[in-house]
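# Examination of the molecular architecture
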Amino acid sequence: MWVPTSKNHLENSEAKVLSKVRMEFEGQFVELENGESVRTLVFSPGKPGIPLVLVHGFGAAVGTWVKNYDSLAADRTVYALDQIGFGRSSRPTFSTEADEAEDQLVEGLEQWRKAMGVESFILLGHSLGGYVSAGYSLRYPQHVRHLILADPWGFPDKPKGADDEWPIRLRIIRAVANRFNLLSALRAAGPAGPGLFQRARADLQETFSDYFPDSTIMDYMYHCNVQEASGEIAMKSLMEGFGWATNPMLSRVSQLDKRIRMSFIYGEYSWMGPSAGLQLRRTFGTSRVTVDIVPNASHHVFAEAGVFNSLVNHYCRVVDPSTRRSVLRTTL
């Protein structure tokens with residue numbers, strides 16, 4: 001086969017990544033009303049307290065939270081899922097319209113919630129998962145006890161002339177990405193794809209090197225990203241130009257139910273930047289919005305697991321007094 005991958009490759013690479021998790025967990029495929037299935041991991045099932053739901057970002061899947069599970073599930077049930085279109089979940093055909101693509105992702109999360117029978121939870125989304133989690137919280141606020149946004153994508157409005165500031169090399173990449181599916185080049189590389197991916201995303205290898213000094217995480221991410229194109233089509237549909245959201249969340253979350261607090265976590269060196277979270281904190285005050293910066297972290301802020309896990313556990317304990325403890329915070 002031209003692209004050296006398969007569902008079995010992805011299954012095996014996921015198992016190798018998850019072998020680093022110390023606590024036991026349940027892995028399953030949750031069938032939705034529409035016939036799609038969602039790859040789901042459940043940690044500490046049946047534990048009292050408010051559960052935590054983890055929603056990954058673009059090109060990621062349940063394995064990317066490998067550094068977080070043992071800590072986050074110590075006091076509560078934790079659910080992690082591959083969003084539809086990603087990882088080992090179903091890969092449906094997404095609309096090329098931003099509103100409809102967002103609706104598919106949000107409704108996929110709601111159908112998953114119904115199938116799992118989880119009535120209320122703390123919702124944590126990273127990057128694209130943050131965008132989807134915010135959209136979900138706007139539509140289904142009755143199920144969300146607290147919204148945690150880790151380096152969320154798609155919040156700021158696109159500044160005028162933003163595309164003109166890009167260097168020529170990046171403008172070329174942007175032009176190609178706007179014409180083709182975001183990961184088509186990786187598939188087109190065929191047998192050279194794994195090596196190309198490792199060179200292009202050396203940052204991922206460095207980020208997870210304390211857990212995986214070999215190619216384990218890179219193999220997993222490669223197989224996640226060269227399966228049938230689906231989630232990347234949704235991402236492309238959501239984008240305006242390259243990197244900006246067609247329907248930015250910054251103004252939309254002003255309509256969020258006042259009972260839902262938002263906690264933003266940014267990496268100190270992330271390309272996202274904390275401007276959206278800081279603007280919302282100025283607008284709504286610290287009683288509704290908190291902003292924390294993780295030192296030395298990049299966009300994959302959750303990989304700086306010590307500080308990140310402490311922050312998330314802190315937010316969860318504020319919502320769930322039965323598990324409250326003190327925690328170090330790094331607030332901007």
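We now turn to the structure provided with this report. Just so it is clear, the structure is predicted and the values come from calculations on it, not from any experiment. (Residues numbered from 1 in each chain as written. Predicted model: local features only at pLDDT ≥ 70, side-chain atom pairs only at ≥ 80, totals over all residues. Heavy atoms only, no water.)

## Brief notes about the packing of helix α3 (residues 98-116) against helix α10 (residues 231-238)
Orientation of α3 relative to α10, taken along the N-to-C sense of each, is 135°, at an axis distance of 8 Å. As judged from the angle between their axes, α3 and α10 are oblique. The two elements α3 and α10 cross, and the hand of that crossing is left-handed. Across the interface between the two elements, A98, A101, E102 and L105 of α3 pack against A234, S237 and L238 of α10. A per-class count over the contact of α3 with α10 returns 5 nonpolar, 1 polar and 1 charged. (Axes fitted to C-alpha atoms, helices over the stretch in contact; angles between N-to-C directions. Helix = DSSP H or I, 4+ residues; strand = E, 2+ residues; numbered from the N terminus. Parallel < 35°, antiparallel > 145°, perpendicular 65-115°, else oblique. Left-handed = near helix turned anticlockwise from the far one by under 90°. Contact = heavy atoms within 4.5 Å. Nonpolar A, V, L, I, M, F, W, Y, C, P; charged D, E, K, R; others polar.)

## Notes on the side chain of E36
Following the sequence through the fold, E36 ends up in the loop between β1 (25-31) and β2 (37-43). For E36, which is buried and forms no salt bridge, the nearest opposite charge comes from R91, at a distance of 11 Å. Among residues more than four places away in sequence, those in contact with E36 are V30, E31, I84, S90 and P92. (Buried < 20%, exposed > 50% of the residue type's maximum accessible area, 1.4 Å probe, protein only. Lys, Arg positive; Asp, Glu negative; His and termini not counted. Salt bridge = Lys/Arg side-chain N within 4 Å of Asp/Glu carboxyl O.)

## Observations regarding the packing of aromatic side chains
The final tally for this structure, using the stated rule, is 12 aromatic pairs. With a centroid separation of 5.1 Å and an interplanar angle of 40°, the aromatic rings of Y136 and Y140 are classed as tilted. With relative accessibility at 15%, the residue Y140 sits in the buried group. Pairwise contacts between aromatic rings join F25, F43 and Y69 into one cluster. Its guanidinium or amino end placed over the ring of F29, R39 lies 5.1 Å from that ring's centre, counting from NZ or CZ. A cation over a ring is seen here: R288 above F284, with NZ or CZ 4.6 Å from the ring centre. (Phe/Tyr/Trp six-rings, centres within 6.5 Å; stacked < 30°, edge-to-face > 60°. Lys NZ or Arg CZ within 6 Å of the ring centre and 35° of its normal.)

## Quick look at the sheet that holds strand β3 (residues 52-55)
Two pairing modes exist for strands in a sheet, parallel and antiparallel, and in both the strands are linked by backbone hydrogen bonds. One open sheet holds the 8 strands; their spatial order is β1-β2-β4-β3-β5-β6-β9-β10, and the pairing between them is mixed. The sheet is open, and its two edges are formed by β1 and β10 (289-294), each paired on a single side. Looking at each pair of strands side by side, their axes are set apart by 20° on average, direction ignored. Judged from the 6 bridges that link them, strand β9 (residues 261-267) and β10 form a sheet pairing that is parallel. Within β10, the position partnered with F264 by the bridge is V291. Packed onto the sheet, α3 meets β1, β2, β3, β4 (78-81) and β5 (121-126) and runs at close to 115° relative to β1. Relative to the sheet, helix α4 (residues 128-139) contacts β3, β5 and β6 (144-150), its axis offset from that of β5 by approximately 145°. (Pairing = 2+ DSSP bridges.)

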